Amino acid sequence: VTIVQRNKLLIPNEEYESSILLQEILESKWVRILTKSTPIWAENSVLQIADNKGNIQEITYDKTLLALGRDTNIKGLELERAGILSKKWIFAKVWF
């Protein structure tokens, strides 16, 4: 299992110590955690990621679970004026 996280901490909105502890526990269970990394593309069971220095790495996988963001950030975009219906909650489709 590999977790790719853009932030430097696995759970950046929690206390530093909690995030480090969770990461240590997961890594002790053979979970690989790549922080400060951004997914670029995935195709044919290969995920390409870039770290914050621009280094590219490829990871092979059998199955993926992709989570993108937690909150919409559309305040001030005036989507209604552009003819785009906005809703309080926006859900993403999940493909298996």
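For the structure, see preceding data.
The sections below set out a description of the structure shown in this document. (Residues numbered from 1 in each chain as written. Predicted model: local features only at pLDDT ≥ 70, side-chain atom pairs only at ≥ 80, totals over all residues. Heavy atoms only, no water.)

**Concerning the pairing of strand β3 (residues 37–43)**
A regular strand places its side chains on the two faces of the sheet in alternate fashion. In this sheet, strand β4 (residues 46–51) lies alongside β3 in antiparallel orientation, the contact comprising six bridges. By the bridge assignment, Thr-38 is partnered in β4 with Ala-50. Once β3 ends, the chain turns through two residues before running back antiparallel as β4, passing Asn-44 with a positive phi of about 50°. (Pairing = 2+ DSSP bridges. Helix = DSSP H or I, 4+ residues; strand = E, 2+ residues; numbered from the N terminus.)

**Description of the environment of Lys-36**
Within the secondary structure layout, Lys-36 lies in the loop between β2 (32–34) and β3. When its relative accessible area of 38% is taken as the criterion, Lys-36 is described as partly exposed. The spatial distance from the C-alpha of Lys-36 to the C-alpha of Leu-9 is 8.0 Å, given a sequence separation of 27 residues. Setting aside its immediate chain neighbours within four residues, Lys-36 contacts Gln-5, Arg-6, Asn-7, Lys-8, Ala-50, Asp-51 and Asn-52. (Buried < 20%, exposed > 50% of the residue type's maximum accessible area, 1.4 Å probe, protein only. Contact = heavy atoms within 4.5 Å.)

**Description of a nonpolar patch on the surface**
A grouping of Ile-40, Trp-41 and Ile-56 is seen on the molecular surface, where their side chains present a nonpolar patch of about 280 Å² in accessible area. Take Ile-56: it is sitting in strand β5 (residues 56–60). Residue classification places Ile-56 among the partly exposed positions, given a relative accessible area of 48%. (Patch = residues over 30% accessible without salt bridge, like charges linked within 9 Å, V, L, I, M, F, W, Y side chains within 5 Å. Areas by Shrake-Rupley, 256 points an atom, 1.4 Å probe, with all protein chains shown as cover. Salt bridge = Lys/Arg side-chain N within 4 Å of Asp/Glu carboxyl O.)

**So, unusual backbone geometry**
Positive phi outside glycine occurs at Asn-44, with the angle close to 50°. One can find Asn-44 in the loop between β3 and β4. Classification of Asn-44 as exposed rests on a relative accessible area of 69%. The phi dihedral of Ser-45 falls on the positive side, at around 65°, and the residue is not glycine. The exposure class assigned to Ser-45 is partly exposed, which follows from its relative accessible area of 33%.

**Quick word on the pairing of β5**
Where β4 meets β5, five bridges bridge the pair, whose relative direction is antiparallel. Its bridge partner lying in β5, Leu-47 is registered against Ile-59.

**Quick word on the environment of Leu-65**
Along the chain, the position of Leu-65 falls in the segment after β5. Assessed through its relative accessible area of 77%, Leu-65 is described here as exposed. Expressed as a C-alpha distance, the spacing of Leu-65 and Ile-3, which sit 62 residues apart in the sequence, is 9.6 Å.

By themselves these figures say nothing about function.
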